[in-house]
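# Inside the fold
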Amino acid sequence: CSSRVCVPLSFMALQVMPIVRVAVEPDNPQHHGELVRGLELLNQADPSVETRVQETGELIIVASGEMHLERCIKDLQELFARVAIRVSPPLVQFK
């Protein structure tokens, strides 16, 4: 847009806080390595998602919302880890 009132989208910085959290684990424990690698790939593909490995070994995904979380889980299963996973009920952080 050549008008002065148009905001260039390339300069807009959107910051979204991840608030929805789930734990994931492979259906088959032998696929744990593939799931960890899949979480790393998911994090590279989508910088707005957080993936963590807790001290207890629990694998965590933190996303910006329920739909974002659903998309991340689907991508993890179908594209990145390619293993069947179990997902805990979502927890929402309130601050």
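Summarised in this report is the structure supplied together with it. (Residues numbered from 1 in each chain as written. Predicted model: local features only at pLDDT ≥ 70, side-chain atom pairs only at ≥ 80, totals over all residues. Heavy atoms only, no water.)

### Brief notes about the side chain of His68
Our working rule: We count a stretch as a helix when DSSP gives it H or I for four or more residues in a row; a strand needs E for two or more, and each element gets its number in order from the N terminus. Only protein chains enter the area calculation, which uses a 1.4 Å probe; residues under 20% of their type maximum are buried, those over 50% are exposed, and those in between are partly exposed. Only heavy atoms matter for contacts: two residues are in contact if any of them lie within 4.5 Å across the pair.
Along the chain, His68 falls in helix α2 (residues 66-80). For His68, a relative accessible area of 19% corresponds to the buried category. The residues touching His68, leaving out its near neighbours within four places in the chain, are Asp46, Ser48, Val49 and Ala63.

### Thoughts on the layout of surface pockets
Definition in use: Lining residues are defined by having an atom within 4 Å of a point belonging to a cavity or pocket. Those points lie on a 1 Å grid over the protein atoms alone, cavities being sets where a 1.4 Å probe fits but cannot get out and pockets being open sets with protein on both sides within 12 Å along at least five of seven lines. Grid points are joined across faces, edges and corners, and a volume is the space filled by probe spheres set on the points.
The calculated volume of the largest pocket comes to roughly 170 Å³. Considering the residues around the largest pocket, the lining is formed by Ala23, Val24, Glu25, Pro26, Pro29, His32, Gly57, Glu58, Leu59, Arg86, Val87 and Ser88. When contributions to the lining of the largest pocket are tallied by element, the ones reaching two or more residues are β1 (20-26) and β4 (85-87). Counting residues per element, the lining of the largest pocket draws most heavily on β1, which supplies four residues.

### Examining the pattern of salt bridges
Applicable threshold: Think of a salt bridge as a Lys or Arg side-chain nitrogen and an Asp or Glu carboxyl oxygen that are within 4 Å of each other.
Counted according to the given criterion, the structure contains five salt bridges. For the salt bridge of Glu25 with Arg86, the shortest nitrogen-to-oxygen distance reads 2.8 Å. Residue Glu25 is found in strand β1, and its partner Arg86 is found in strand β4; the two are separated by 61 residues along the sequence. Residue classification places Arg86 among the partly exposed residues on the basis of a relative accessible area of 42%.

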